[in-house]
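Residue-level listing of the chains:
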Amino acid sequence: MKKALLMLLVAAIVGAGVTSSTAEAGEKKKSVSAKKKSQRVSVLLRGKKVAYARPIRRSMSLDDAQHLALQSSAVLVQDQATGAILFEKNAGSVLPIASITKLMTAMVALDAKPDLNETLSIGDEDVDMLKGTRSRLKVGTQLAREEMLRLALMSSENRAASALSRHYAGGREAFVAAMNQKAQDLGLGDTRFQDATGLTAANVSSPRDLAKLVNAAHQYPLIREFSTASDGEFSIAGRQQHFHNTNTLVRSSTWEIGLSKTGYISEAGKCLVMQAWLNNKPIIIVLLDSWGKMTRIGDANRIKRWVESASLVQASAG
């Protein structure tokens, strides 16, 4: 009897050992399997198995877009070539656009096919009585229409933009009517203009409309050239004066910008629209209602890094 009990006890101990070993082996197997799976995923991410790697990459890019932290109140990022919206934030909001207006001013001025060498003068009517902004273009300053256009686009000169509208056939009223007609022709349903400078908060649009406006303005070689010039010398009242572009990014070696326009009035906040090449793709960026001093520039750089990172992910997955 004792012998039988002893044999049963030995069998139980051996069984427990086997069970423990089996469990341990199972855990090791799971660990090895997980490790192999992890290695398999890393191999996929290196692009060796494209069919599985692409969905993983695409998911990561979408997550990045959802968490793209931009400070501008209304944003649109669009692939200009395909029309695909890459990112949007309050893209349908209708807001004051300040000097972004001058892109439409330039298009209407050029559509009239005027003599660009004709001398235009700054008059009392061009002085800003609404916001009280200053200008280095004193009353009586005379410049060629082309120079007025360059100053309006590059340095956002309000008096230059005003002079362009005042010297239009039919005067300022006809010019503003032409701006609104052009907006209608371009299908800009959210866009309205009351002046050529953008000093009034009544000039409004939405990011979606402005993407169309940027695309249209980009078709004009002079607008591309003047809006992206980093600086320029102008002979004013017998003296050479130096003017800079209001968008500091045009002077950056890391950006390839094909069109640019800034804007600011208190009602609009700081605004910026651009056409830029990111990873060899033409991208339209619209940033409205940025309040920090460098917010619009910071947002533009964040968008640039995001687009380039997303493109690198897709390239490595392919």
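All figures in this text were calculated on a predicted structure; none of them were measured in a lab.

Reading the values: rules and limits
Residues numbered from 1 in each chain as written. Predicted model: local features only at pLDDT ≥ 70, side-chain atom pairs only at ≥ 80, totals over all residues. Heavy atoms only, no water. Salt bridge = Lys/Arg side-chain N within 4 Å of Asp/Glu carboxyl O. Helix = DSSP H or I, 4+ residues; strand = E, 2+ residues; numbered from the N terminus. Buried < 20%, exposed > 50% of the residue type's maximum accessible area, 1.4 Å probe, protein only. Arc of directions from axis to C-beta. Contact = heavy atoms within 4.5 Å. Pairing = 2+ DSSP bridges. Axes fitted to C-alpha atoms, helices over the stretch in contact; angles between N-to-C directions.

A. Seen up close, the pattern of salt bridges. Across all of its chains, the model carries ten salt bridges by this definition. Here Arg172 makes a salt bridge to Asp126, at a shortest N to O gap of 3.2 Å. Of this pair, Arg172 sits in helix 6 (residues 171-185) while Asp126 is found in the loop between strand 4 (119-121) and strand 5 (142-144), placing the two residues 46 residues apart along the sequence. Judged by relative accessible area, which is 32%, Arg172 ranks as partly exposed. One network of salt bridges, with partners in common, ties together Asp126, Arg166 and Arg172.

B. Highlighting helix 8 (residues 221-228). Residues of helix 8 that are buried: Ile223, Phe226 and Ser227. The buried side chains of helix 8 occupy one side of the element, clustering within an arc of 95 degrees when seen end-on. Against the buried residues of helix 8 lie helix 3 (101-111), helix 4 (145-154), helix 7 (207-217) and strand 9 (257-265).

C. Up close: helix 5 (residues 158-166). Of all nine residues making up helix 5, eight are buried, and the element is well covered by its neighbours. Listed in full, the buried residues belonging to helix 5 are Asn158, Arg159, Ala160, Ala161, Ser162, Ala163, Leu164 and Ser165. Those residues of helix 5 that are buried are in contact with helix 3, strand 4, helix 4 and helix 6.

D. Local environment of the sheet that holds strand 11 (residues 281-290). Read from one edge of the open sheet, five strands run 2-1-11-10-9, paired in antiparallel fashion. With partners counted over all chains shown, the strands left at the sheet margins are strand 2 (85-89) and strand 9, one partner each. Ignoring which end each strand starts from, the neighbouring axes of this sheet average 5 degrees apart. In the packing of helix 7 onto the sheet, the strands contacted are strand 1 (74-79), strand 2, strand 9, strand 10 (269-278) and strand 11, and the crossing angle to strand 11 comes to about 135 degrees.

E. Looking closely at unusual backbone geometry. Located in the positive-phi region is Lys113, a residue other than glycine, with phi close to 50 degrees. Mapping Lys113 onto the fold places it in the loop between helix 3 and strand 4. Among the residues examined, Lys113 registers a relative accessible area of 72% and is labelled exposed. In the Ramachandran plot, Asp289 falls in the positive-phi region, its phi being about 60 degrees despite a non-glycine side chain. According to the relative accessible area criterion, Asp289 is buried, its value standing at 15%.

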